[in-house]
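Chain by chain, the residues:
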Amino acid sequence: MISFKNIFRNSTAIFSFFTIYLCLYSQLLASAQKDETTLNIVIGRCETTRHPFAKKNLSNSAASFFLHLHSLPLFTLNEKNQWACLLCRKFPQIQDRSLEKITGKNKSKFLKMHLELDPSYKWGDGENITGKDLVFTWEISKNITHNFIGKSFFRNIDQIILDPKNARNLTIFFKSEKYFYADWGEIHLIPQHLEQEIWTKAKKDFKKYMQDSLYLNNPSHPGLYSGAYLYSEISKKYGFLSMKQNPYYFSKFHLFKRLKILMPEQVSTKHMNNNQSLIISETLHENEHDLNKVKSWIYRNKDLIKQFNLREIWGDSIVFEHIALNHRNPILKDKRIRKALAYAVDKNFIIDGMYQDELLPAASFLHPTNPNFSPLVTMYDFNLEKSRKILDSAEWILDENTQIRYKSGIPLNLNITTNKISHRKILVKNLIKNWQAIGFRVSVKFQGDPDFFQKTLTKIKFSGATLFSWKIPTDASLYSIFHSKSIPNIYNHYEGQNISAWINGKIDQSISKLETEFQQEKRKRLYSQIQKIYSDELPSIPLFFRFKKAYASPLVHHYKIPSNQFPSSLLTKNFERIFDNISRKKERSKSEFF
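Okay, so let's go over this structure. What you see is a predicted model; the values in this text were computed from it and never measured.

## Digging into the packing of aromatic side chains
- Using the criterion set out here, one finds 21 aromatic pairs in the structure.
- Ring geometry for phenylalanine 153 and phenylalanine 174: centres 5.6 Å apart, planes at 70°, overall edge-to-face. Taken together, the positions of phenylalanine 153 in helix α5 (residues 151-155) and phenylalanine 174 in strand β7 (residues 166-174) put the pair 21 residues apart, joining distant regions of the chain.
- For the pair tryptophan 199 and tyrosine 209, a centre-to-centre distance of 5.3 Å together with 90° between the ring planes defines the contact as edge-to-face. Here the residue tryptophan 199 occupies a position in helix α7 (residues 192-201), and tyrosine 209 occupies one in helix α8 (residues 206-212), the gap between them amounting to 10 residues. Each member of the pair, tryptophan 199 together with tyrosine 209, is buried.

## Digging into unusual backbone geometry
- We note that serine 408 has phi near 55°; this positive angle belongs to a residue other than glycine.
- Although it is not a glycine, leucine 538 sits at a positive phi angle of roughly 55°.
- Among the structural elements, leucine 538 can be located in the loop between α20 (520-537) and β20 (540-552).

## Comments concerning the pairing of strand β19 (residues 465-471)
- Most of β19 is tucked away: 6 of the 7 residues are buried.
- Where strand β12 (residues 311-325) and β19 come together, 7 bridges link them in antiparallel fashion. Its bridge partner lying in β19, histidine 322 is registered against phenylalanine 468.
- Direction of pairing for strand β17 (residues 413-419) relative to β19: parallel, over a ladder of 2 bridges.

## Points about the state of the cysteines
- Applying the stated criterion across every chain, the model contains 1 disulfide.
- In this model cysteine 85 forms its disulfide with cysteine 88; the gap between the sulfur atoms is 1.4 Å. Between cysteine 85 and cysteine 88, the disulfide has an S-S torsion of 115° and is therefore right-handed.
- Judged by relative accessible area, which is 0%, cysteine 88 ranks as buried.

## Overview of helix α3 (residues 61-70)
- Among the 10 residues that make up α3, 10 are buried, leaving the element largely enclosed by the rest of the structure.
- Among all positions in α3, only Ser61, Ala62, Ala63, Ser64, Phe65, Phe66, Leu67, His68, Leu69 and His70 are buried.

## With respect to the sheet that holds strand β16 (residues 410-411)
- Sheet architecture is open: 3 strands sit in the order β14-β15-β16, paired in antiparallel fashion. With partners counted over all chains shown, the strands left at the sheet margins are β14 (397-399) and β16, one partner each.
- When β14 meets strand β15 (residues 404-407), the two strands line up antiparallel, connected through 3 bridges. Note that in β15 the partner of leucine 398 across the bridge is arginine 405.

## Considering the pattern of salt bridges
- Inspection of the entire model under this criterion finds 21 salt bridges.
- One salt bridge connects lysine 101 with glutamate 177, and the closest N-O pair in it is separated by 3.9 Å. One end of the pair, lysine 101, is in strand β4 (residues 99-103); the other, glutamate 177, is in the loop between β7 and α6 (181-184), with 76 residues separating them in the sequence.
- With relative accessibility at 42%, the residue lysine 101 sits in the partly exposed group.
- By relative accessible area, which is 16% here, glutamate 177 ends up buried.
- Residue lysine 339 is joined to aspartate 536 by a salt bridge in which the shortest nitrogen-to-oxygen separation is 3.3 Å. You can see lysine 339 sitting in helix α13 (residues 335-343) and its partner aspartate 536 sitting in helix α20, a full 197 residues away along the chain.

## What about the nonpolar core?
- Ile172, Trp184 and Phe575 are the most contacted members of the largest nonpolar core, which has 81 residues in total.
- Those residues in contact with phenylalanine 575, other than ones at most four positions away along the chain, are Leu39, Ile41, Phe65, Leu69, Tyr229, His254, Leu255, Phe256, Leu259, Ile279, Ser568 and Ser569.
- Core analysis: the second largest hydrophobic core is formed by 36 residues, Ile416, Ile432, Val442 and Leu538 among them.

## Description of the layout of surface pockets
- Its volume calculated, the second largest pocket comes out at about 400 Å³.
- If you go around the second largest pocket, you meet 18 residues; those closest to its centre are Gln82, Trp83, Tyr179, Asp475 and Gln520.
- Among the elements that take part in the lining of the second largest pocket, α20 stands out by supplying 3 residues, more than any other.
- A class-by-class count of the residues in the lining of the second largest pocket yields 7 nonpolar, 7 polar and 4 charged.

## Topic: α13
- α13 sits mainly inside the fold: 7 of its 9 residues count as buried.
- Where α13 is concerned, the buried positions are Ile337, Arg338, Lys339, Ala340, Leu341, Ala342 and Tyr343.
- Those residues of α13 that are buried are in contact with β12, α15 (384-393), β17, α16 (422-437), α20 and β20.
- For α13, the N-terminal cap is aspartate 334; the gap from its side-chain oxygen to the backbone nitrogen of arginine 336 is 2.9 Å.

## Quick word on the environment of leucine 69
- Along the chain, leucine 69 falls in helix α3.
- Linking leucine 69 and serine 569, residues 500 residues apart in sequence, is a C-alpha distance of 5.4 Å.
- Among all residues touching leucine 69, those that are not within four sequence positions of it are Gly227, Ala228, Tyr229, Met243, Leu259, Ser569 and Phe575.

Analysis parameters
- Note on numbering: residues in each chain are counted from 1, in written sequence order.
- With pLDDT at 70 or above as the cut-off, local features in this predicted model cover only qualifying residues; side-chain atom pairs require 80 or more to be listed or tallied, and sums for whole chains, interfaces and linings still use all residues.
- Where side-chain values are given, they derive from all heavy atoms of the structure, hydrogens and water being excluded.
- Each pair of aromatic rings taken from Phe, Tyr and Trp, with Trp reduced to its six-membered ring, is defined by centres within 6.5 Å and is described as stacked if the planes are under 30 degrees apart, edge-to-face if over 60, and tilted in the remaining cases.
- Numbering of helices and strands runs from the N terminus; a helix is a DSSP stretch of H or I covering at least four residues, while a strand is a stretch of E covering at least two.
- Between buried and exposed lies partly exposed: a residue is buried under 20% and exposed over 50% of the maximum accessible area for its type, with that area taken using a 1.4 Å probe on protein chains only.
- Note on pairing: two strands pair once DSSP finds at least 2 bridges between them.
- A pair of sulfur atoms, both from cysteines and within 2.5 Å, is called a disulfide here.
- Each salt bridge in this description consists of a side-chain nitrogen of Lys or Arg and a carboxyl oxygen of Asp or Glu lying within 4 Å of one another.
- The nonpolar core is taken to be a set of buried Ala, Val, Leu, Ile, Met, Phe, Trp, Tyr and Cys residues, with the residues joined through side-chain atoms within 4.5 Å.
- Pairs of residues are marked as contacts when any of their non-hydrogen atoms sit within 4.5 Å.
- Grid points spaced at 1 Å over the protein atoms alone were grouped into cavities, where a 1.4 Å probe fits but cannot get out, and pockets, open sets with protein on both sides within 12 Å along at least five of seven lines, with lining residues defined by an atom within 4 Å of a point.
- Grid points are joined across faces, edges and corners, and a volume is the space filled by probe spheres set on the points.
- Basically, the charged four are Asp, Glu, Lys and Arg, the nonpolar ten are Ala, Val, Leu, Ile, Met, Phe, Trp, Tyr, Cys and Pro, and anything else, Gly included, counts as polar.
- Here a polar contact is recorded for every N or O atom pair within 3.5 Å, except that within protein the pair must consist of a potential hydrogen donor and a potential acceptor, and residues adjacent in sequence are included only if both atoms are side-chain atoms.

As structure tokens, then:
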């Protein structure tokens, strides 16, 4: 007799077997299919504390890349290099009176700005981003002694008034009427609802607050971040490992759900899934200390690039290499000497021979893609004969025996000081060769980075010429770079960047006007005047701009590198995955650029 109990038991066993089989089969099938939800990103080496006020955010391109992945700035530049408000409904402007110039009772002038924060922006835990977060961030900034991003913006704030009926509406009063757009682009808020209690317990001691902050002690807390991605797993060694999509992020782009962050040494064809998407970010290429290492790493991993079908992506960089000339030097004080040096710089050799076309020759301190760039600058094409004629006219006579020029018994000496980066050593070697060919007696001194940047540059402790690179952001104030009051000295605490000690009355006047001018056409004319005087006076000799370079998989279709001071991680659509041919125009966010 057949037992229904036995039939039921056998049926259950068979059903369980097929269930397990189907689960295993589906897992194997899924592993064989393309993983279109995870994006691997290779970055340059860095350590980040994730806090917006961390020092490393100032100088490390990889740290900045991460900051903009997890944190949205208040203002930014879009792909057309136009200013936009990212967290508010519209960008404040003089024209619509959302930004006003006010004259006080004592005839002092200042700015008044009205902001309405967009309700679609939230922290990663779902809490609204409000004016209280801006007030709280400003409060913390007042107690920071070191340099930090957004310093000029926060230091210029006099008062913030919140609308008692709606904390998203606020009015900011600034201490002056200065144009600070370039500084406004680095305003990253701190969540008041999470960090206020910690700040209060620290009794406004910034160092203690940073030690107790959730950014350090609970960095995976979603409420700390407002960007497209949140930290899901954090490495003790590197400070990051993987990120997940922020569920409260405003964008409707079809983003990769997960990001896996890799160091160069973690990438190989052996332990990466062929079907995963990959980006080798521009931060790897931007590290000037490791340019040769990067090239050798790319060469060693050419099979990986081929395997992932990576395409090469180029972008313009505002990193500007130049030769600063000390105007306190009695020889270099003569403009003719500076011009003779400029004509004896072989930029074509530097670009073609040393960097294999990975540089753009510079004629100004602004990149040609900068909206304020002027083509009306003096060009200095390589011409040794012209350099010799200029020195002859300046009565520096060539000694045929020593091949060194003299004037009133004084030799034409020039000392070069720079840091010990390998590519600069090659560059200096070429400069010495050409400058000696026109009659200079050249000596060189290489220094380690701490001495070079903290002492030699900041306190103008080089006697002749120095080589280094810097970034001049779009719409930047030029006051700290070229104004005579910005020559580093004990009275300005060596914070000025006019390390050439250049003094020019017309430049001071144009820069002062630029500081308070908000009409773009007038600003452009002032920038043009400054560039024209700069190229004629030569406080420094412009050499070249670098390019940014990245690699991306076919699925990362929209990946672009901004031609301004912001990293590619700010452009949300860089992390959109292509999975079908359906038009998604209706699903775009309010900003096509973010």
